[in-house]
Amino acid sequence: MTTLADPVPGGRPGDVERASALGGELSGAGVQGVVLAYVDTAGVARVKTIPTARLASAAAWGVGMSPVFDTFLANDHIVATDVLGSPDGDLRLYPDLDGLVVLAGQPGWAWAPVDRVTQDGERHPGCSRTFLRRVVADAARAHGLAFKAAVEIEWAVGLDSAPAGEFVPATSGPAYGATRQVELSAYTADLLAACAAQGVDVDQVHPEYAPGQFEISVGALDPVAAADRSVLVRQTIRAVAQRHGLRVSFSPAVLAQGVGNGGHVHLSAWRDGTNLHAGGDRRYGMTADAEAFAAGVLARLPALTAVTAPSPASYLRLKPSQWAGVFTAWGLETRECAVRVVRGTAGRRAEQANLEVKPVDLAANPYLALGAVIAAGLDGLTSGAVLPEETAGDPVRLGADEAAARGVRRLPTSLGEALAAFRADEVLRAALGPVLADAVSAVRQGEIDAVDGLDDERVAAAYRWRY
């Protein structure tokens, strides 16, 4: 469980003493520095680092960082809103000590997620981690709900020796093939060892469909911790790959054609220790609240894609019949539906049943993505939203009349379409708050402008090594 209380100047009770003790333990173990990590609005992981001896000071007073990074684009250009994007001001980065781990893939370093706080000690309204923590707390207070979440991670493994900017797969074996697993056996074994050393429980790691592609699935946690884990695991994947002479990309579309990298979100709602997606009297064991929650997510998917698929490269991935979930459809275990009901294995459904939201990729800031999906679901629960008829098979096969009757329509085919839907969605904008919603809007528009006139190949190349 992550720390759910906001940081305060001087440290929360016990933080400074705990940080002092941790700093001593880290130094004794040969750890020289701590990576303070957060994710910006564009979905890029940004960091500051401190010597281990400064951990107690950081826990008490934070570490300085400009708020301008809220409006960085993936290419490091800067856009602006009416309150963000200028050179003015300062923020403080406060490490969450509950999330601090020694990095097995980067000897000499530890890692911790941070919350960003103003110089006056107030929540920074552009901090996505604070946003997710607030959504989770509000759900507990208003609805008695808690959540378990996990983010799937797909990535492409290339040769670090490839010509600059190019992607050359590090494997030649077939999709899901034993050959591919053997070819990168040493790399994936070291990755599993690093995850275990960092306390990350891995469910599976396997070769995937696209050239050089792998996927790792990790255990579910509370949403803030799940987002933290997504960032940590990606840093670990990258660090271990570098030590093997490999280079990895989490970009939604490493190449312009073919299947891209997804970051599907798995989410379940719980009340009083009971999973609302199992044992109920609605379809496939869902309770009425779980069904309404799923209906809320489904209804807001066009606007959600501006958060969950935030890059121009995302729309090279979001194509029909590639298991990306590009229609407003739901179904039982149907991998072409944007919202997939996962029942789990007989005998374990009470713990395993969940929703999978598929039009999500790893250009998405995981804190924003999880917070926005939960906010959409809570709106459905509050309004008593009703799921339409389910879809089996590929929604692309539906005729126009049947699709309309089921409420099945194509999700946005470009970031511009998604942004228009987001700007028109008052529920999601209100959930994010005006500062963060405007930052999302400005950054998405900046990404659109950055690739204006580029063909698909050049769009893929522009984002290939940004994520």
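Residues numbered from 1 in each chain as written. Predicted model: local features only at pLDDT ≥ 70, side-chain atom pairs only at ≥ 80, totals over all residues. Heavy atoms only, no water.

In the annotation of an unreviewed UniProt entry, the protein chain is listed under the name Glutamine synthetase family protein and assigned to Streptomyces sp. 900129855. Taken verbatim from the UniProt record of the protein chain, the Sequence similarities (unreviewed entry) comment is "Belongs to the glutamine synthetase family." (UniProt positions renumbered as here; feature names shortened; annotations may be inferred.)

The next point concerns the overall build of the protein chain. A count of helices and strands for the protein chain gives 16 helices and 16 strands. Over its C-alpha atoms the protein chain spans a radius of gyration of 21 Å, differing by no more than 12% from the 23 Å that the globule rule assigns to 467 residues. On the principal axes, the C-alpha backbone points of the protein chain span a range of 65 × 50 × 50 Å. By residue count, 58% of the 467 residues in the protein chain fall in the buried class. Working note: accessible area of the protein chain is about 17,600 Å², and carbon and sulfur atoms make up 53% of it. (Helix = DSSP H or I, 4+ residues; strand = E, 2+ residues; numbered from the N terminus. Rg over C-alpha atoms; globule rule 2.2 N^0.38 Å. Buried < 20%, exposed > 50% of the residue type's maximum accessible area, 1.4 Å probe, protein only. Areas by Shrake-Rupley, 256 points an atom, 1.4 Å probe, with all protein chains shown as cover.)

Now for helix 16 (residues 456-463). Here helix 16 has its buried residues at V459, A460 and Y463. Along the long axis of helix 16, the arc covered by the buried residues comes to 100°, so they all point the same way. On the buried face of helix 16, the contacting elements are helix 9 (314-317) and helix 15 (434-450). (Arc of directions from axis to C-beta. Contact = heavy atoms within 4.5 Å.)

This part takes up the pattern of salt bridges. For the structure on display, the rule yields 27 salt bridges. With its nearest N and O atoms 2.8 Å apart, the salt bridge here joins D228 to R129. Pair noted here: D228 is in helix 6 (residues 223-243) and R129 is in helix 3 (residues 128-143), with a separation of 99 residues, a long-range link. For D228, a relative accessible area of 5% puts it in the buried group. The salt bridge partner of E351 is R348, with a shortest N-O separation of 2.9 Å. Owing to a relative accessible area of 48%, E351 belongs among the partly exposed residues under this scheme. With a relative accessible area of 43%, R348 lands in the partly exposed category. (Salt bridge = Lys/Arg side-chain N within 4 Å of Asp/Glu carboxyl O.)

The next subject is a nonpolar patch on the surface. A contiguous nonpolar surface patch, about 390 Å² in accessible area, is contributed by Y176, Y209 and W323. Note that Y209 resides in the loop between strand 9 (202-207) and strand 10 (213-218). (Patch = residues over 30% accessible without salt bridge, like charges linked within 9 Å, V, L, I, M, F, W, Y side chains within 5 Å.)

Attention now goes to the nonpolar core. The biggest cluster of nonpolar side chains holds 107 residues, and the ones touching the most others in it are W155, Y187 and I237. Of all hydrophobic cores here, the second largest spans 23 residues; its members include A19, F72, A110 and V114. (Core = buried A, V, L, I, M, F, W, Y, C linked by side-chain atoms within 4.5 Å.)

Let us look at unusual backbone geometry. Residues other than glycine seldom take positive phi values, yet Y176 does so here, at roughly 60°. Along the chain, Y176 falls in the loop between strand 8 (153-159) and helix 4 (178-183). We classify Y176 as partly exposed; its relative accessible area is 44%. Phi is positive for D272, which is not a glycine, with a value near 55°. Structurally, D272 can be placed in the loop between strand 12 (265-271) and strand 13 (274-275).

Turning our attention to the UniProt feature "domain: GS beta-grasp" (unreviewed entry) in the protein chain. Cross-referencing UniProt, the feature "domain: GS beta-grasp" (unreviewed entry) maps to residues 29-121 in the present numbering. The span residues 29-121 carries 8% helix and 37% strand; its end-to-end C-alpha distance comes to 33 Å.

Let us look at the sheet that holds strand 10. A sheet is described by the order of its strands in space; here four strands give the open sequence 9-10-8-11, paired in antiparallel fashion. Either end of the sheet is taken by a strand with one partner, and the two such strands are strand 9 and strand 11 (246-249). Strand-to-strand twist of the sheet, defined as the mean angle between neighbouring strand axes without regard to direction, takes the value 25°. When strand 8 meets strand 10, the two strands line up antiparallel, connected through four bridges. (Pairing = 2+ DSSP bridges. Axes fitted to C-alpha atoms, helices over the stretch in contact; angles between N-to-C directions.)

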